[in-house]
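# Observations on chain architecture
Okay, here's what each chain looks like letter by letter:
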Amino acid sequence: MKRISFTFYMNKTTHLGLIIFIVLMLVFISGCNNVLQNSSQTSANNEQNVTGSNKKSNKLSVGEKKAPSIKMGLKTLSTNDFSIQLPDGWKYEVNPSNLDFGMIAYDPDHPERKIFYYYEFNPFMKSDAARDLFKNSYGANNIFASCPVLNTAKVSEFYTKWNEYADFLNKQGLNAAIMKFKKLDIVETHQLDNYLSSYSLDSSVVRAHLTLENSNIPCEGLFSGSVVSLGTYYQNGVDCSPLMVYNVMGIMAPADEFLQLQEILANSLKTFTFSESYVQSYVKKSNDATKAILDNARTMQAAYDSYNAAWHSRQPVNDAISQKNSDATLGYDRLYDEETGEIYRAEVGWYDHYDLHRNEYNKSQLHPIENNDYDRYSNEIDYYIYK
């Protein structure tokens, strides 16, 4: 009986161990299968991610370059006659002593960036009839027979006669520090409030689209002055008393920069002031309009305020005209990103190719700015695109 009982006990123990062994093997095999499946899935996911990444990286780049930000620090310039804070690195020229005071300053690396101030331009005749009267009486070389005519006595007309006045000075042997325009269009006129406003025939700030002589770069400018009559003097029913234009001043820059530079240049011009010694010497030699010299600081502040007012109340359509003209002249298309609103300027021809293949680019949402999209034309350029 004992032998039979022991054998039975051993058989029970062996069967239990075998069952436990089989269960453990099944668990191990199942775990290995899960590891293999997870590893395969991970590998497949990685392969898919790599493929997707490569697919994205294979998109063509627009190749945009961030538009440079123009930074100008003002530095004080002091001479015996005047002082002014000019952008660092700028140069300046002044009128010779045989002319009334005049100063023009500019960036030598970008000469379309300018500011200028002239105390007065004179003379101008009020009509062709008045000039002809002097010509017939005193000859063509007489100063009043050869000077320009301001028929309307408006500041806008004065600037359209700018080149004619410069030529007039040259014929008189007067070498003024003065620029000349290749093209000038007065697109807006705004009121100029200063001490001359009450008795001048016109005191205005004009907005101009222009190009300079010896340059093809389209520019923007804000110019001002006050047209004053010295009275009346009639001969043969013709008023022969001349006109003068006081406080001729302005700021200008390339059209695609003016939005950034307007405030900086206006601030620079505002700091212009005559020295005390110059004021005293002028008072001694002339009794005419010395108030214009004495009140120079107030004159410059009034011009600054009027420039800012004119710029902030400008007509958006003229922004579009100016920028479109600049783009057409320099060979660019103006684009915008419909997702970000950013503004791009691309070399002509780039967009035509891009538009045909836009889905191949990493940015497929660039579009031309419409002609009447004045808001976008009033925005600064964010990026440049080159072919």
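Above this text you will find the structure in question.
Rules used throughout
Residues numbered from 1 in each chain as written. Predicted model: local features only at pLDDT ≥ 70, side-chain atom pairs only at ≥ 80, totals over all residues. Heavy atoms only, no water. Buried < 20%, exposed > 50% of the residue type's maximum accessible area, 1.4 Å probe, protein only. Helix = DSSP H or I, 4+ residues; strand = E, 2+ residues; numbered from the N terminus. Pairing = 2+ DSSP bridges. 1 Å grid on protein atoms, 1.4 Å probe; cavity = no way out; pocket = protein on both sides within 12 Å on 5 of 7 lines; lining within 4 Å. Points joined across faces, edges and corners; volume = space filled by probe spheres on them. Nonpolar A, V, L, I, M, F, W, Y, C, P; charged D, E, K, R; others polar.

### Comments concerning the pairing of strand β6 (residues 110–124)
Remark: a regular strand shows side chains that alternate across the two faces of the sheet. Most of β6 sits inside the fold, with twelve of its 15 residues counted as buried. Inspection of the sheet shows strand β5 (residues 102–107) paired to β6 by six bridges, in the antiparallel sense. Opposite methionine 103, over in β6, you have tyrosine 117 as the bridge partner. The hairpin turn running from β5 into β6, its antiparallel successor, is two residues long.

### Details of empty space enclosed by the protein
Summed over the entire model, instances satisfying the criterion amount to two cavities of 30 Å³ or more. Approximately 140 Å³ is the volume found for the largest cavity. Counting residues per element, the ones that place at least two in the lining of the largest cavity are α6 (258–270) and α10 (316–330). For the lining of the largest cavity, the leading source of residues is α6, giving three residues. Residue classes in the lining of the largest cavity are distributed as six nonpolar, four polar and eight charged. In this structure, the second largest cavity occupies an estimated 40 Å³ of space. For the second largest cavity, the full set of lining residues is Met249, Ala266, Leu269, Lys270, Met300, Ala303, Tyr304 and Tyr307. Only α6 and α9 (296–312) provide two or more residues apiece to the lining of the second largest cavity. Residues belonging to the lining of the second largest cavity are distributed by class as follows: seven nonpolar, no polar and one charged.

### Section: the layout of surface pockets
Within this model, the largest pocket holds a volume of roughly 290 Å³. If you trace the largest pocket, you find 17 residues lining it, with Pro68, Ile70, Glu257, Gln260 and Tyr384 closest to the centre. It is β6 that provides the largest number of residues to the lining of the largest pocket, a total of three residues. Taken together, the residues that form the lining of the largest pocket break down as seven nonpolar, three polar and seven charged.

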